[in-house]
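Report on the structure
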Amino acid sequence: MPNSRRLLLNPNEFDPEQFDPETRRQLRALIAWFEERGKVRLLQDDLDATWVTDFLDFIKRERVFATFLTPSEFADGDPNKRWDTSRNAVLSEILGFYGLAYWYAEQVTILGLGPIWQSDNIKAKERAAAQLEAGGVMAFALSEREHGADIYNTDMLLTPTSDEGVVFRASGEKYYIGNGNVAGMVSVFSRRTDVDGPDGYVWFVADSGHPNYQLIDNVVHGQMFVSTFRLNDYPVHQEDILCTGPEAFSAALNTVNVGKFNLCSGSIGMCEHAFYEAITHANNRILYGNPVTDFPHVRASFVDVYARLVAMKLFSDRAIDYFRTASLDDRRYLLFNPVTKSKVTSEGERVVTLLWDVLAAKGFEKNTYFSEVSRLIGALPRLEGTVHVNVAQILKFMPNYMFNPASYPQIGTRDDAADDVFFWAQGPARGASKVQFADWAPVYERNLTVPNVARFYEQVLAFKDLLVKAAPDADQQRDLDFVLVIGHLFTLVVYGQLILEQAELTGLDRDLLDQIFDVQIRDFSSYAVALHGKPSSTVAQQEWALSAIRKPVADAGRFDRVWEQVASYDGVYEMRP
């Protein structure tokens, strides 16, 4: 199948032609660094829970974070420095491909930079740019043991002081703070003791090397340093304050919009490496005299995995285009981003489970990258904002998305070398229910010649009918357990839209697209069954649920052709020993 191997990241053939020469050089250098270390060292460092010092030394030497994470305004004349989501996503995918700990060091640096780049504090921005140039990393101190990431409540307290040059003394603990062991700038969310309500919120920066910064522990066992720390009367100067009041609240949410987008690409990278190991092992393992992949259920699992994994990439790549084109007048990214955080990462976990069903005991062996992935893939949909939180956010957009379309200019592929400056000027974090979307129906209707797209579209129209004739009543809307199922059904509609858009832009193989929507149909049907079984579902909703179930259009020839695409990955990539 022509170009099938190009759909997944292959370090042996990696040369992203869409990027400028320096971006390509740095990304290839990153791959070379991991490959030269080799698989044995990579896996042993994971087993030994070795902090990623060598990796950060490489990042410093090659100026990777400095180049990728510094807005051009603070580039100090370096033409390669910009915040470019397209290349950042590829960087994130590569880091996930080699290990979650490496991805995490970048991820929490991005989060830590969020309140800084959004602030009006020029000195703090210049300090951040200088620290990135020097090879430093950042941290994002929002979560607390008692409150989690509940930004309405924080026990990090700022007490006004008359000490010379000091505005506040900060005291309190933060919990689940990545890079908190080494970050030169830790963005800390707090509240003033002398101001009540939202006006008392403050973001400020702290230094993990300061004597009043007490590093307590790593709350997990692993290469990632997920710290808990305490500030003891930590001196906060005016130049340390990033933003205050409602702006501080918005900065927290807007940082999450930017920083946690990378959950999707990290998950994709982990799944790609696991897939290479699994297909190469299974296709060459003889059981009962036959290759394991001769068994129909094994082939079905691999085809499902491949369809799901390619769908993850299609949706995430298209979401980048909307994110990079966003403005105060086009905030569609506010829906697509939580879909990447919840749906794509959940799909990653599902992919790994399907592969594990094939690998069985092999998946536990410590000399496989798969064993690491299987242990850590579940972190992505859980530790960085649970699926439930994101689906609840997604539901806010459903009425306008389904029933109230607006007109927007067409958006093409955004892999140009532009600085995504809007990320740091997203405005107040409110008004989600007012965001409008372009009509989702045309892209489905253009693809109705693909049998399973047509059948899934029947389910989409049925879902729209449900919302008109048997929508959740007031009590059901207060029942999160019930409305989450509605949220999952709605998410599938959104997921399908962007998959189809990206398939059109890239000329995706028709067989593979048909197979992806075979998966969509089955997933929709399973959520319809779940809705039927909910204790509070009405008779009308139960009848709808049974009527919305569809069987995918079966096509043995299509399945076999997609299987051949899967089998073509056998032996294509194996990490150096």
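Up top is the structure these notes are about.
An account of the accompanying structure is given in this report. (Residues numbered from 1 in each chain as written. Predicted model: local features only at pLDDT ≥ 70, side-chain atom pairs only at ≥ 80, totals over all residues. Heavy atoms only, no water.)

Further remarks concern the side chain of arginine 324. Residue placement: arginine 324 occurs in helix α9 (residues 296–324). Taking relative accessible area as the criterion, arginine 324 reaches 6% and is therefore assigned buried. A distance of 3.0 Å separates the side chain of arginine 324 from the backbone oxygen of arginine 414, its partner in a polar contact. Arginine 324 has contacts with Asp84, Thr85, Ser86, Arg414, Asp415, Asp416, Ala418 and Asp420, leaving out every residue within four places of it along the chain. (Helix = DSSP H or I, 4+ residues; strand = E, 2+ residues; numbered from the N terminus. Buried < 20%, exposed > 50% of the residue type's maximum accessible area, 1.4 Å probe, protein only. Polar contact = N/O pair within 3.5 Å; in protein donor to acceptor, adjacent residues only side chain to side chain. Contact = heavy atoms within 4.5 Å.)

We now examine the packing of helix α8 (residues 263–282) against helix α10 (residues 333–359). Two elements in contact, α8 and α10, have axes whose closest approach is 9 Å; the angle formed by their N-to-C orientations is 15°. When the axis of α8 is compared with that of α10, the two are roughly parallel. Classified by chirality, the crossing of α10 by α8 is left-handed. Across the interface between the two elements, Leu263, Cys264, Ser267, Ile268, Cys271, Ala274, Phe275, Ala278, His281 and Ala282 of α8 pack against Thr340, Lys341, Val344, Thr345, Gly348, Val351, Val352, Leu355, Val358 and Leu359 of α10. Residue composition of the contact of α8 with α10, by class: 14 nonpolar, five polar and one charged. (Axes fitted to C-alpha atoms, helices over the stretch in contact; angles between N-to-C directions. Parallel < 35°, antiparallel > 145°, perpendicular 65-115°, else oblique. Left-handed = near helix turned anticlockwise from the far one by under 90°. Nonpolar A, V, L, I, M, F, W, Y, C, P; charged D, E, K, R; others polar.)

This brings us to the environment of glutamate 239. Along the polypeptide, glutamate 239 turns up in the loop between β7 (226–236) and β8 (241–244). The exposure class assigned to glutamate 239 is partly exposed, which follows from its relative accessible area of 37%. Residues glutamate 239 and asparagine 121, spaced 118 residues apart in sequence, show a C-alpha to C-alpha distance of 7.2 Å.

Another aspect to go through is helix α12 (residues 387–395). Among all positions of α12, only Val387, Asn390, Val391, Ile394 and Leu395 are buried. When α12 is viewed along its axis, its buried side chains cluster within an angular range of 145° and face the same direction. Along its buried surface, α12 packs onto α10, α13 (398–403) and α17 (480–506). (Arc of directions from axis to C-beta.)

Quick look at the pattern of salt bridges now. Taken as a whole and judged by the stated rule, the model has 48 salt bridges. Aspartate 304 serves as the salt-bridge partner of arginine 522, at 2.7 Å between the closest nitrogen and oxygen. Of this pair, arginine 522 sits in helix α18 (residues 510–533) while aspartate 304 sits in helix α9; the two residues are 218 residues apart in sequence, bridging distant segments of the chain. For arginine 558, the salt bridge identified is with aspartate 518, shortest N-O distance 3.6 Å. A residue pair is termed long-range when its members are at least 10 positions apart, and arginine 558 in helix α20 (residues 556–567) and aspartate 518 in helix α18 qualify at 40 residues. Taken individually, arginine 558 and aspartate 518 each receive the classification buried, so the pair is uniform in this respect. When salt bridges with common partners are traced through the structure, they connect Asp304, Arg308, Lys343, Glu347, Arg350, Asp514, Asp518, Arg522, Asp523 and Arg558 into a single cluster. (Salt bridge = Lys/Arg side-chain N within 4 Å of Asp/Glu carboxyl O.)

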